[in-house]
Amino acid sequence: VLKSMHQNGLTLPVIAKPDIGERGTQVEKINNEQELQSYLQTNNCNFLIQEYIDFEIELGVFYYRFPDQTTGTISSIVKKEFLQVTGDGESTLGELITRYPRAGFQFDRLSLKLNYTSIPQKGEKVLLEPIGNHCRGTTFLNANHLIDSKLTSVFDTISKQIPGFFYGRYDLRCKNMEDLKEGKNIKILELNGAGSEPGHIYQPGYSIFRAWRALLFHWKILYLISIQNHKKGIPYMRFSEAKVKYHEHQLLKKRK
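The rules behind each value
- Residues numbered from 1 in each chain as written.
- Predicted model: local features only at pLDDT ≥ 70, side-chain atom pairs only at ≥ 80, totals over all residues.
- Heavy atoms only, no water.
- Phe/Tyr/Trp six-rings, centres within 6.5 Å; stacked < 30°, edge-to-face > 60°.
- Buried < 20%, exposed > 50% of the residue type's maximum accessible area, 1.4 Å probe, protein only.
- Lys NZ or Arg CZ within 6 Å of the ring centre and 35° of its normal.
- Helix = DSSP H or I, 4+ residues; strand = E, 2+ residues; numbered from the N terminus.
- Expected span 1.5 Å × (residues − 1).
- Contact = heavy atoms within 4.5 Å.
- Polar contact = N/O pair within 3.5 Å; in protein donor to acceptor, adjacent residues only side chain to side chain.

K.L.:
Summarise the packing of aromatic side chains; cite the residues concerned and give the values.
P.N.:
The tally for this structure, following the rule as stated, stands at 10 aromatic pairs. Where Tyr39 meets Phe47, the ring centres are 5.2 Å apart and the plane angle is 75 degrees; that geometry is what we call edge-to-face. Given a relative accessible area of 5%, Tyr39 falls into the buried group. Measuring from ring centre to ring centre gives 6.0 Å for Tyr64 and Phe66, while their planes differ by 80 degrees; the resulting arrangement is edge-to-face. Taken individually, Tyr64 and Phe66 each receive the classification buried, so the pair is uniform in this respect. Grouping aromatic residues by their ring pairs yields a cluster made of Tyr63, Phe155, Phe165 and Tyr170. A cation over an aromatic ring shows up here: Lys29 above the ring of Tyr52, its NZ or CZ 4.4 Å from the ring centre.

K.L.:
Hey, could you go over helix H8 (residues 208–231) for me, with residue numbers and the actual values?
P.N.:
Taking 1.5 Å per residue as the helical rise, H8 with its 24 residues ought to reach 34 Å, and the 35 Å between its terminal C-alpha atoms agrees with that figure. For H8, the complete set of buried residues consists of Ala211, Ala214, Leu215, His218, Ile221, Ile225 and Asn229. Contacts from the buried residues of H8 go to strand E4 (57–64), strand E5 (73–81) and strand E9 (167–174). Structurally, the start of H8 carries an N-cap: the backbone nitrogen of Phe209 is 3.1 Å from a side-chain oxygen of Ser207. Just downstream of H8, Gly233 is the residue with a positive phi angle, here 100 degrees.

Here is the structure:
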């Protein structure tokens, strides 16, 4: 694996993730050869190795475009606030975590990879989880105020380079918002298709009724895009194909 990584210009740390994923299951930041060997031994599914990006800002940008149109729509942007605590110079890391409910829910899992007895300096921010998934403690913030025609144009350009792509969410990192709207210093971590969600609905305090409305809106868009593609000769997914995908996800969840 290391040889293949080096041949493809990758160096540690890297991100390892299953080729078919769900909510961050088995996605890990690999810092050294020992962690890589451990990952190889404990994961028996096909997985990907990709560059670890340390750009400060991580976003989920939901984009769709109808096949008969040249301009698309950004319908959702979620900004991810990573799980972290701030030291006071006296408390141990474990104590800081138990005081922060969002981190406390992750206590048992985090205890496997963090030194809970260490004492962070006053004002020191300690990143607890580098993977930006909601179920792993990341706070999702509604950033729809960032949507404008300039940003839509950036994602029109990106999306038209992907054959057959009309609907889904880009998970990406960027250096700053100015670069994002200029279409530079952007690293795409994942492109999620028909199964993706508009992440802004997970903003703390966001009404469940508004969330349901957003989901129904996106599912209708997906339905309409599917009809247009079908008219162009692209077949609908058969039930047997969907059943296989479902069972693959169930197997992955059992390995968690």
